[in-house]
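Per-entry structural report
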Amino acid sequence: MTEQSAADRGGNRAYAVSLARGMAGALIFAFPLVMTMEMWSIGFSVTPGRLLLFLVLGLGVLAGLAYYSGFEPAADWLDALLDALGAFAIGLVGSGLLLWLFGIVTPELGWRAAVGMVALQAVPAGMGAVAARRQFGARDGEAREDRAGYPAQLFLMVAGALFLAFNVAPTEEVLLIALRMQPWPLVGLMGLSLLLLHLLVYTIGFAGQEQRPEGAGAWRTFCAYSLAGYGLALAVSFYALWTFGRADLASLPMMAMATVVLGFPAALGAAIARLVV
Amino acid sequence: MSRKPLLEWLMAGFGATLTLGTLAVVASDISVSQGDPPPRLAIAAEAPQPDGQGSFLVRFTVTNAAPATAAQVTVEGVLSEGERVLETSRAVLDYVPRGSSARGGLWFRQDPAGRLTLRATGYAEP
(Lines give C-alpha, C1' and ligand atoms only; values in the text may rest on other atoms or scores of the structure.)
Protein backbone atom coordinates (compact mmCIF):
# COMPACT_ATOMS: atom_id res chain seq x y z
CA MET A 1 0.00 0.00 0.00
CA THR A 2 2.65 2.50 1.04
CA GLU A 3 4.99 1.23 -1.64
CA GLN A 4 2.22 1.66 -4.14
CA SER A 5 1.57 5.30 -3.21
CA ALA A 6 5.30 6.02 -3.13
CA ALA A 7 5.53 4.68 -6.65
CA ASP A 8 2.57 6.89 -7.60
CA ARG A 9 4.27 9.94 -6.15
CA GLY A 10 7.42 9.12 -8.08
CA GLY A 11 5.41 8.72 -11.27
CA ASN A 12 3.59 11.98 -10.68
CA ARG A 13 6.83 13.80 -10.02
CA ALA A 14 8.45 12.39 -13.16
CA TYR A 15 5.43 13.42 -15.18
CA ALA A 16 5.44 16.92 -13.68
CA VAL A 17 9.11 17.28 -14.67
CA SER A 18 8.33 16.22 -18.21
CA LEU A 19 5.43 18.72 -18.30
CA ALA A 20 7.80 21.49 -17.30
CA ARG A 21 10.17 20.37 -20.06
CA GLY A 22 7.28 20.42 -22.49
CA MET A 23 6.34 23.96 -21.46
CA ALA A 24 9.93 25.12 -21.90
CA GLY A 25 10.08 23.53 -25.35
CA ALA A 26 6.73 25.04 -26.32
CA LEU A 27 7.94 28.53 -25.41
CA ILE A 28 11.25 28.06 -27.25
CA PHE A 29 9.52 26.83 -30.40
CA ALA A 30 6.63 29.29 -30.23
CA PHE A 31 8.31 32.61 -29.49
CA PRO A 32 9.44 33.46 -33.06
CA LEU A 33 5.85 33.06 -34.24
CA VAL A 34 4.30 34.73 -31.19
CA MET A 35 6.56 37.72 -31.87
CA THR A 36 5.63 37.88 -35.56
CA MET A 37 3.10 40.60 -36.25
CA GLU A 38 1.43 38.86 -39.18
CA MET A 39 0.52 35.92 -36.97
CA TRP A 40 -1.66 38.16 -34.79
CA SER A 41 -3.78 39.48 -37.63
CA ILE A 42 -3.90 36.07 -39.35
CA GLY A 43 -5.26 34.68 -36.07
CA PHE A 44 -8.38 36.81 -36.31
CA SER A 45 -8.77 37.01 -40.06
CA VAL A 46 -8.08 33.39 -41.08
CA THR A 47 -10.98 31.50 -42.65
CA PRO A 48 -12.45 29.40 -39.79
CA GLY A 49 -12.75 26.27 -41.96
CA ARG A 50 -9.05 26.40 -42.84
CA LEU A 51 -8.11 27.02 -39.22
CA LEU A 52 -10.16 24.01 -38.12
CA LEU A 53 -8.51 21.82 -40.77
CA PHE A 54 -5.11 23.06 -39.67
CA LEU A 55 -5.84 22.31 -36.01
CA VAL A 56 -7.05 18.78 -36.78
CA LEU A 57 -4.06 18.06 -39.03
CA GLY A 58 -1.80 19.63 -36.42
CA LEU A 59 -3.16 17.30 -33.75
CA GLY A 60 -2.47 14.39 -36.10
CA VAL A 61 1.13 15.55 -36.58
CA LEU A 62 1.55 15.95 -32.81
CA ALA A 63 0.23 12.43 -32.25
CA GLY A 64 2.59 11.07 -34.91
CA LEU A 65 5.56 12.86 -33.37
CA ALA A 66 4.61 11.63 -29.92
CA TYR A 67 4.38 8.11 -31.28
CA TYR A 68 7.72 8.12 -33.09
CA SER A 69 9.82 10.32 -30.89
CA GLY A 70 7.75 11.04 -27.82
CA PHE A 71 9.52 11.48 -24.54
CA GLU A 72 7.13 9.34 -22.64
CA PRO A 73 7.78 6.29 -24.72
CA ALA A 74 4.37 5.96 -26.29
CA ALA A 75 3.18 2.42 -25.92
CA ASP A 76 0.47 2.63 -28.53
CA TRP A 77 -1.56 5.08 -30.55
CA LEU A 78 -3.97 5.85 -27.70
CA ASP A 79 -0.98 6.84 -25.62
CA ALA A 80 0.33 8.96 -28.47
CA LEU A 81 -3.04 10.69 -28.79
CA LEU A 82 -3.07 11.48 -25.07
CA ASP A 83 0.45 12.87 -25.44
CA ALA A 84 -0.68 14.96 -28.40
CA LEU A 85 -3.62 16.39 -26.45
CA GLY A 86 -1.29 17.22 -23.57
CA ALA A 87 1.21 18.86 -25.90
CA PHE A 88 -1.55 20.85 -27.62
CA ALA A 89 -2.84 22.05 -24.24
CA ILE A 90 0.69 23.06 -23.23
CA GLY A 91 0.96 24.91 -26.55
CA LEU A 92 -2.34 26.72 -25.94
CA VAL A 93 -1.41 27.73 -22.42
CA GLY A 94 2.15 28.72 -23.32
CA SER A 95 1.35 30.81 -26.38
CA GLY A 96 -1.75 32.27 -24.73
CA LEU A 97 0.36 33.32 -21.76
CA LEU A 98 2.98 34.98 -24.00
CA LEU A 99 0.36 36.76 -26.13
CA TRP A 100 -1.31 38.04 -22.98
CA LEU A 101 1.97 39.19 -21.40
CA PHE A 102 2.92 40.99 -24.61
CA GLY A 103 -0.37 42.88 -24.50
CA ILE A 104 -1.59 41.41 -27.77
CA VAL A 105 -4.54 39.51 -26.35
CA THR A 106 -6.43 42.28 -24.54
CA PRO A 107 -9.96 42.56 -23.13
CA GLU A 108 -10.91 44.63 -26.19
CA LEU A 109 -10.23 41.65 -28.40
CA GLY A 110 -13.36 39.55 -28.80
CA TRP A 111 -13.07 36.04 -27.38
CA ARG A 112 -13.57 34.34 -30.75
CA ALA A 113 -10.74 36.37 -32.25
CA ALA A 114 -8.58 35.58 -29.21
CA VAL A 115 -9.27 31.84 -29.50
CA GLY A 116 -8.29 31.91 -33.18
CA MET A 117 -5.10 33.81 -32.42
CA VAL A 118 -3.99 31.45 -29.65
CA ALA A 119 -5.07 28.25 -31.41
CA LEU A 120 -3.01 29.11 -34.50
CA GLN A 121 0.10 29.32 -32.30
CA ALA A 122 -0.69 26.17 -30.34
CA VAL A 123 0.32 23.72 -33.08
CA PRO A 124 3.96 24.87 -33.51
CA ALA A 125 4.17 25.35 -29.74
CA GLY A 126 2.87 21.82 -29.26
CA MET A 127 5.56 20.52 -31.61
CA GLY A 128 8.06 22.23 -29.33
CA ALA A 129 6.49 20.53 -26.33
CA VAL A 130 6.81 17.08 -27.92
CA ALA A 131 10.35 17.73 -29.16
CA ALA A 132 11.63 19.18 -25.90
CA ARG A 133 10.35 16.30 -23.86
CA ARG A 134 12.51 14.10 -26.04
CA GLN A 135 15.55 16.35 -26.49
CA PHE A 136 15.94 17.47 -22.89
CA GLY A 137 14.98 14.16 -21.44
CA ALA A 138 17.67 12.18 -23.18
CA ARG A 139 17.18 8.55 -22.42
CA ASP A 140 19.10 5.46 -23.24
CA GLY A 141 17.91 3.08 -25.85
CA GLU A 142 16.84 3.95 -29.31
CA ALA A 143 13.78 5.95 -30.01
CA ARG A 144 11.11 4.35 -32.08
CA GLU A 145 12.02 6.56 -35.02
CA ASP A 146 15.31 4.72 -35.37
CA ARG A 147 13.38 1.62 -36.19
CA ALA A 148 10.85 3.46 -38.27
CA GLY A 149 10.12 2.35 -41.78
CA TYR A 150 9.91 4.38 -44.94
CA PRO A 151 6.39 5.83 -44.39
CA ALA A 152 7.42 7.02 -40.92
CA GLN A 153 10.46 8.77 -42.38
CA LEU A 154 8.27 10.52 -44.91
CA PHE A 155 6.02 11.59 -42.03
CA LEU A 156 8.97 13.00 -40.10
CA MET A 157 10.02 14.94 -43.20
CA VAL A 158 6.52 16.42 -43.45
CA ALA A 159 6.59 17.41 -39.78
CA GLY A 160 10.01 19.06 -40.13
CA ALA A 161 8.98 20.87 -43.31
CA LEU A 162 5.76 22.04 -41.68
CA PHE A 163 7.58 23.44 -38.69
CA LEU A 164 10.23 25.44 -40.55
CA ALA A 165 7.83 26.56 -43.28
CA PHE A 166 5.39 27.84 -40.68
CA ASN A 167 8.05 30.02 -39.14
CA VAL A 168 8.31 31.98 -42.39
CA ALA A 169 4.97 31.44 -44.15
CA PRO A 170 2.97 34.17 -42.37
CA THR A 171 5.44 36.92 -43.21
CA GLU A 172 5.11 39.43 -46.02
CA GLU A 173 8.67 38.63 -47.05
CA VAL A 174 7.84 35.34 -48.77
CA LEU A 175 5.66 37.10 -51.35
CA LEU A 176 8.11 39.99 -51.64
CA ILE A 177 11.01 37.65 -52.37
CA ALA A 178 8.88 35.76 -54.89
CA LEU A 179 8.07 39.06 -56.61
CA ARG A 180 11.72 40.07 -56.80
CA MET A 181 13.10 36.78 -58.07
CA GLN A 182 13.80 36.25 -61.76
CA PRO A 183 12.91 32.90 -63.33
CA TRP A 184 16.49 31.58 -63.50
CA PRO A 185 17.41 32.30 -59.89
CA LEU A 186 14.12 30.65 -58.97
CA VAL A 187 15.11 27.48 -60.79
CA GLY A 188 18.48 27.78 -59.06
CA LEU A 189 16.76 27.99 -55.69
CA MET A 190 14.89 24.79 -56.47
CA GLY A 191 18.19 23.09 -57.33
CA LEU A 192 19.81 24.41 -54.16
CA SER A 193 16.92 23.24 -51.99
CA LEU A 194 17.07 19.78 -53.53
CA LEU A 195 20.86 19.61 -53.26
CA LEU A 196 20.88 20.67 -49.60
CA LEU A 197 18.12 18.21 -48.82
CA HIS A 198 20.09 15.43 -50.49
CA LEU A 199 23.36 16.30 -48.76
CA LEU A 200 21.77 16.69 -45.33
CA VAL A 201 20.03 13.35 -45.63
CA TYR A 202 23.47 11.76 -45.94
CA THR A 203 25.74 13.82 -43.70
CA ILE A 204 23.37 14.17 -40.76
CA GLY A 205 21.81 10.82 -41.35
CA PHE A 206 18.15 10.26 -41.48
CA ALA A 207 16.82 8.03 -38.77
CA GLY A 208 19.62 5.48 -38.90
CA GLN A 209 20.22 6.22 -42.54
CA GLU A 210 23.91 7.17 -42.46
CA GLN A 211 24.53 4.73 -45.26
CA ARG A 212 22.39 4.16 -48.22
CA PRO A 213 19.69 1.58 -47.80
CA GLU A 214 21.11 -1.86 -48.45
CA GLY A 215 21.20 -2.78 -52.05
CA ALA A 216 20.00 0.64 -53.11
CA GLY A 217 21.95 2.74 -55.51
CA ALA A 218 22.58 6.45 -55.18
CA TRP A 219 19.97 7.10 -57.80
CA ARG A 220 17.30 5.20 -55.94
CA THR A 221 18.12 6.91 -52.65
CA PHE A 222 17.94 10.25 -54.39
CA CYS A 223 14.49 9.45 -55.74
CA ALA A 224 13.12 7.79 -52.62
CA TYR A 225 14.35 10.32 -50.08
CA SER A 226 15.56 13.58 -51.59
CA LEU A 227 13.12 13.94 -54.45
CA ALA A 228 10.20 12.62 -52.42
CA GLY A 229 11.19 14.89 -49.56
CA TYR A 230 11.36 17.94 -51.79
CA GLY A 231 7.96 17.12 -53.24
CA LEU A 232 6.53 16.91 -49.74
CA ALA A 233 8.25 20.18 -48.83
CA LEU A 234 6.61 21.92 -51.80
CA ALA A 235 3.21 20.47 -50.90
CA VAL A 236 3.60 21.58 -47.28
CA SER A 237 4.65 25.07 -48.47
CA PHE A 238 1.59 25.40 -50.64
CA TYR A 239 -0.61 24.19 -47.81
CA ALA A 240 0.89 26.74 -45.41
CA LEU A 241 0.36 29.59 -47.88
CA TRP A 242 -3.21 28.45 -48.49
CA THR A 243 -3.96 28.23 -44.76
CA PHE A 244 -2.71 31.76 -44.20
CA GLY A 245 -4.78 33.05 -47.10
CA ARG A 246 -1.65 34.11 -48.97
CA ALA A 247 -2.74 32.13 -52.01
CA ASP A 248 -6.21 33.51 -52.48
CA LEU A 249 -5.88 36.35 -54.94
CA ALA A 250 -2.57 35.41 -56.52
CA SER A 251 -2.20 34.02 -60.03
CA LEU A 252 -0.98 30.46 -60.56
CA PRO A 253 2.59 31.45 -61.57
CA MET A 254 2.80 33.80 -58.58
CA MET A 255 1.60 31.01 -56.31
CA ALA A 256 4.13 28.58 -57.74
CA MET A 257 6.93 31.08 -57.18
CA ALA A 258 5.90 31.75 -53.58
CA THR A 259 5.69 27.99 -53.02
CA VAL A 260 9.26 27.52 -54.30
CA VAL A 261 10.51 30.35 -52.09
CA LEU A 262 8.83 28.86 -49.03
CA GLY A 263 9.96 25.43 -50.20
CA PHE A 264 13.54 26.38 -49.34
CA PRO A 265 13.04 26.49 -45.56
CA ALA A 266 10.58 23.61 -45.88
CA ALA A 267 13.22 21.45 -47.61
CA LEU A 268 15.74 22.30 -44.89
CA GLY A 269 13.12 21.38 -42.29
CA ALA A 270 12.45 18.09 -44.02
CA ALA A 271 16.18 17.33 -44.14
CA ILE A 272 16.89 18.04 -40.49
CA ALA A 273 13.53 16.82 -39.23
CA ARG A 274 15.24 14.37 -36.98
CA LEU A 275 17.13 17.12 -35.20
CA VAL A 276 14.27 19.59 -35.02
CA VAL A 277 11.25 17.52 -34.19
CA MET B 1 4.92 -0.13 -15.31
CA SER B 2 1.58 -0.09 -16.99
CA ARG B 3 -0.10 2.15 -14.40
CA LYS B 4 -0.11 5.77 -15.40
CA PRO B 5 0.50 8.41 -12.75
CA LEU B 6 -2.64 10.29 -11.69
CA LEU B 7 -1.19 13.59 -12.90
CA GLU B 8 -0.92 12.25 -16.42
CA TRP B 9 -4.62 11.41 -16.47
CA LEU B 10 -5.49 14.84 -15.09
CA MET B 11 -3.38 16.53 -17.75
CA ALA B 12 -4.85 14.36 -20.49
CA GLY B 13 -8.34 15.39 -19.34
CA PHE B 14 -7.31 19.02 -19.16
CA GLY B 15 -5.74 18.79 -22.60
CA ALA B 16 -8.77 17.07 -24.09
CA THR B 17 -11.08 19.73 -22.62
CA LEU B 18 -8.99 22.63 -23.92
CA THR B 19 -8.50 20.99 -27.30
CA LEU B 20 -12.12 20.03 -27.87
CA GLY B 21 -13.25 23.45 -26.62
CA THR B 22 -10.95 25.20 -29.07
CA LEU B 23 -12.07 22.98 -31.93
CA ALA B 24 -15.72 23.62 -31.02
CA VAL B 25 -15.24 27.40 -31.02
CA VAL B 26 -13.46 27.34 -34.37
CA ALA B 27 -16.05 24.97 -35.85
CA SER B 28 -18.92 27.18 -34.70
CA ASP B 29 -17.12 30.06 -36.41
CA ILE B 30 -17.49 28.31 -39.76
CA SER B 31 -21.27 28.64 -39.86
CA VAL B 32 -21.17 32.14 -38.37
CA SER B 33 -18.88 33.46 -41.09
CA GLN B 34 -20.67 31.79 -43.99
CA GLY B 35 -21.26 33.85 -47.09
CA ASP B 36 -18.34 36.30 -46.75
CA PRO B 37 -20.05 38.81 -44.42
CA PRO B 38 -18.80 42.41 -44.38
CA PRO B 39 -17.60 44.04 -41.16
CA ARG B 40 -20.27 45.89 -39.16
CA LEU B 41 -18.72 48.87 -37.44
CA ALA B 42 -20.24 51.05 -34.74
CA ILE B 43 -18.43 54.11 -33.43
CA ALA B 44 -18.98 55.44 -29.93
CA ALA B 45 -17.43 58.84 -29.22
CA GLU B 46 -16.56 60.12 -25.76
CA ALA B 47 -17.13 63.71 -24.64
CA PRO B 48 -14.52 66.16 -26.01
CA GLN B 49 -11.67 66.96 -23.65
CA PRO B 50 -9.54 70.10 -23.87
CA ASP B 51 -5.98 68.80 -24.28
CA GLY B 52 -4.36 71.79 -22.57
CA GLN B 53 -2.66 72.97 -25.77
CA GLY B 54 -5.61 74.78 -27.26
CA SER B 55 -7.13 71.76 -29.01
CA PHE B 56 -9.89 69.35 -28.13
CA LEU B 57 -9.53 65.60 -28.14
CA VAL B 58 -12.42 63.27 -28.93
CA ARG B 59 -11.63 59.66 -28.08
CA PHE B 60 -13.69 56.95 -29.69
CA THR B 61 -14.19 53.19 -29.69
CA VAL B 62 -14.95 51.29 -32.89
CA THR B 63 -16.76 48.02 -32.31
CA ASN B 64 -16.98 45.37 -35.03
CA ALA B 65 -19.99 43.14 -34.41
CA ALA B 66 -19.57 41.05 -37.58
CA PRO B 67 -17.48 37.86 -37.85
CA ALA B 68 -15.19 39.58 -40.39
CA THR B 69 -12.06 41.54 -39.59
CA ALA B 70 -11.58 45.06 -40.96
CA ALA B 71 -8.08 46.45 -41.52
CA GLN B 72 -7.02 50.08 -42.09
CA VAL B 73 -10.32 51.41 -40.80
CA THR B 74 -10.53 55.14 -41.57
CA VAL B 75 -12.60 57.13 -39.09
CA GLU B 76 -13.60 60.64 -40.09
CA GLY B 77 -14.95 63.27 -37.72
CA VAL B 78 -16.76 66.22 -39.28
CA LEU B 79 -17.42 69.31 -37.23
CA SER B 80 -20.20 71.29 -38.90
CA GLU B 81 -22.64 74.07 -38.24
CA GLY B 82 -25.76 73.65 -40.32
CA GLU B 83 -24.52 73.07 -43.87
CA ARG B 84 -21.11 74.61 -43.27
CA VAL B 85 -18.19 72.25 -42.54
CA LEU B 86 -15.86 73.86 -40.01
CA GLU B 87 -13.26 71.15 -39.55
CA THR B 88 -12.51 67.55 -40.57
CA SER B 89 -10.15 65.15 -38.79
CA ARG B 90 -9.19 61.60 -39.71
CA ALA B 91 -7.62 58.63 -37.98
CA VAL B 92 -6.72 55.18 -39.32
CA LEU B 93 -6.98 52.10 -37.11
CA ASP B 94 -4.75 49.18 -38.16
CA TYR B 95 -7.27 46.50 -37.26
CA VAL B 96 -10.74 46.12 -35.85
CA PRO B 97 -10.82 42.32 -35.43
CA ARG B 98 -14.07 40.39 -35.69
CA GLY B 99 -16.19 40.65 -32.58
CA SER B 100 -13.68 43.07 -31.07
CA SER B 101 -13.13 46.76 -30.60
CA ALA B 102 -10.30 49.21 -31.11
CA ARG B 103 -9.75 52.72 -29.80
CA GLY B 104 -8.46 55.98 -31.25
CA GLY B 105 -8.84 59.73 -31.00
CA LEU B 106 -9.39 62.82 -33.15
CA TRP B 107 -8.15 66.35 -32.47
CA PHE B 108 -10.09 69.51 -33.29
CA ARG B 109 -9.06 73.14 -32.96
CA GLN B 110 -12.56 74.22 -31.87
CA ASP B 111 -14.76 72.72 -29.19
CA PRO B 112 -16.72 70.10 -31.12
CA ALA B 113 -19.36 69.57 -28.42
CA GLY B 114 -22.73 68.93 -30.00
CA ARG B 115 -21.62 69.61 -33.59
CA LEU B 116 -19.63 66.50 -34.39
CA THR B 117 -20.44 63.43 -36.51
CA LEU B 118 -18.10 60.42 -36.57
CA ARG B 119 -18.24 57.77 -39.24
CA ALA B 120 -16.06 55.10 -40.80
CA THR B 121 -15.29 55.94 -44.41
CA GLY B 122 -13.48 52.81 -45.53
CA TYR B 123 -11.49 49.68 -44.67
CA ALA B 124 -9.24 47.09 -46.26
CA GLU B 125 -9.88 43.34 -46.14
CA PRO B 126 -6.90 41.75 -44.44
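Before going into details, it helps to say that this report is about the structure given with it. (Residues numbered from 1 in each chain as written. Chains lettered and ligands numbered in written order. Predicted model: local features only at pLDDT ≥ 70, side-chain atom pairs only at ≥ 80, totals over all residues. Heavy atoms only, no water.)

1. A word on the nonpolar core
Ranked by size, the top nonpolar core spans 86 residues in total, and within it A:Phe54, A:Leu55 and A:Phe88 carry the most contacts. Among the elements that line this core, the one with the most residues is helix α5 (residues 111-135) of chain A, at 13 residues. With 13 residues, the next largest nonpolar core counts B:Val58, B:Phe60, B:Ala70 and B:Val73 among its residues. (Core = buried A, V, L, I, M, F, W, Y, C linked by side-chain atoms within 4.5 Å. Buried < 20%, exposed > 50% of the residue type's maximum accessible area, 1.4 Å probe, protein only. Helix = DSSP H or I, 4+ residues; strand = E, 2+ residues; numbered from the N terminus.)

2. Thoughts on the packing of aromatic side chains
All told, the structure shown has eight aromatic pairs over all chains when counted by the stated rule. Here the aromatic rings of A:Phe29 and A:Phe163 are separated by 4.6 Å at their centres, their planes lie at 40 degrees, and the arrangement is tilted. Here A:Phe29 is found in helix α1 (residues 2-34), whereas its partner A:Phe163 is found in helix α6 (residues 150-168), with 134 residues between them in sequence. Take A:Phe29: its relative accessible area is 15%, and that puts it in the buried class. Both rings, one in A:Phe44 and one in B:Tyr95, keep their centres 5.4 Å apart while their planes meet at 70 degrees; by these two values the pair is edge-to-face. Separated into two different chains, A:Phe44 in helix α2 (residues 37-45) and B:Tyr95 in strand β5 (residues 84-96) make up a pair that spans both. On the accessibility criterion, A:Phe44 (5% relative accessible area) is buried. Relative accessible area serves as the criterion here: at 32%, B:Tyr95 is assigned to the partly exposed category. Here the aromatic residues A:Phe54, A:Phe166 and A:Phe244 are joined through ring pairs into a cluster of three or more. (Phe/Tyr/Trp six-rings, centres within 6.5 Å; stacked < 30°, edge-to-face > 60°.)

3. Digging into the pattern of salt bridges
Under the counting rule described, the total for this entry stands at six salt bridges over all chains. B:Arg103 is the partner of B:Glu46 in a salt bridge, and the nearest nitrogen-oxygen pair spans 3.1 Å. Residue B:Glu46 is found in the loop between β1 (41-45) and β2 (49-50), and its partner B:Arg103 is found in strand β6 (residues 101-108); the two are separated by 57 residues along the sequence. We classify B:Glu46 as partly exposed; its relative accessible area is 35%. Linked through salt bridges whose partners overlap, the residues forming this network are A:Arg112, B:Asp29 and B:Arg98. (Salt bridge = Lys/Arg side-chain N within 4 Å of Asp/Glu carboxyl O.)

4. Observations concerning unusual backbone geometry
Residue and element names in this part refer to chain B. Backbone geometry at Asp36 places phi at a positive 50 degrees, although glycine is not the residue there. Counting through the fold element by element, Asp36 comes out in the loop between α1 (6-32) and β1. Positive phi outside glycine occurs at Gln72, with the angle close to 50 degrees. Residue Gln72 is classed as partly exposed on the basis of its relative accessible area, which comes to 41%.

5. Section: the pairing of strand β3 (residues 56-64) of chain B
Looking along a regular strand, one sees the side chains alternate between the two faces of the sheet. Residues and elements named next belong to chain B. The buried count for β3 comes to seven of nine residues, which makes it a mostly enclosed element. In this sheet, β3 lies alongside β1 in antiparallel orientation, the contact comprising five bridges. Residue pairing in the sheet places Ala42 in a bridge with Thr63 of β3. With two bridges joining them, β2 and β3 adopt antiparallel strand pairing. The residue bridging Pro50 from the neighbouring strand is Phe56, located in β3. Connecting the antiparallel pair β2 and β3 is a turn made up of five residues, with Gly52 showing a positive phi of about 80 degrees. As defined by bridge partners, β3 adjoins β6 across eight bridges and the pair is classed as antiparallel. (Pairing = 2+ DSSP bridges.)

6. Considering the interface of chain B and chain A
Across the boundary between the two partners, chain B contributes 34 residues, which contact 37 residues of chain A. Counting the surface lost from both chain B and chain A, the interface buries some 3,000 Å², and carbon and sulfur atoms represent 70% of this. For the interface between chain B and chain A, the tally reads one salt bridge. At the junction of chain B with chain A, the criterion picks out eight residue pairs in polar contact (both at pLDDT 80 or more). Elements with a contribution of two residues or more to the side of chain B that touches chain A: α1 and β6 of chain B. Of the residues in the side of chain B that touches chain A, the class split is 19 nonpolar, nine polar and six charged. (Contact = heavy atoms within 4.5 Å. Buried area = accessible area lost by both parts, 1.4 Å probe. Polar contact = N/O pair within 3.5 Å; in protein donor to acceptor, adjacent residues only side chain to side chain. Nonpolar A, V, L, I, M, F, W, Y, C, P; charged D, E, K, R; others polar.)

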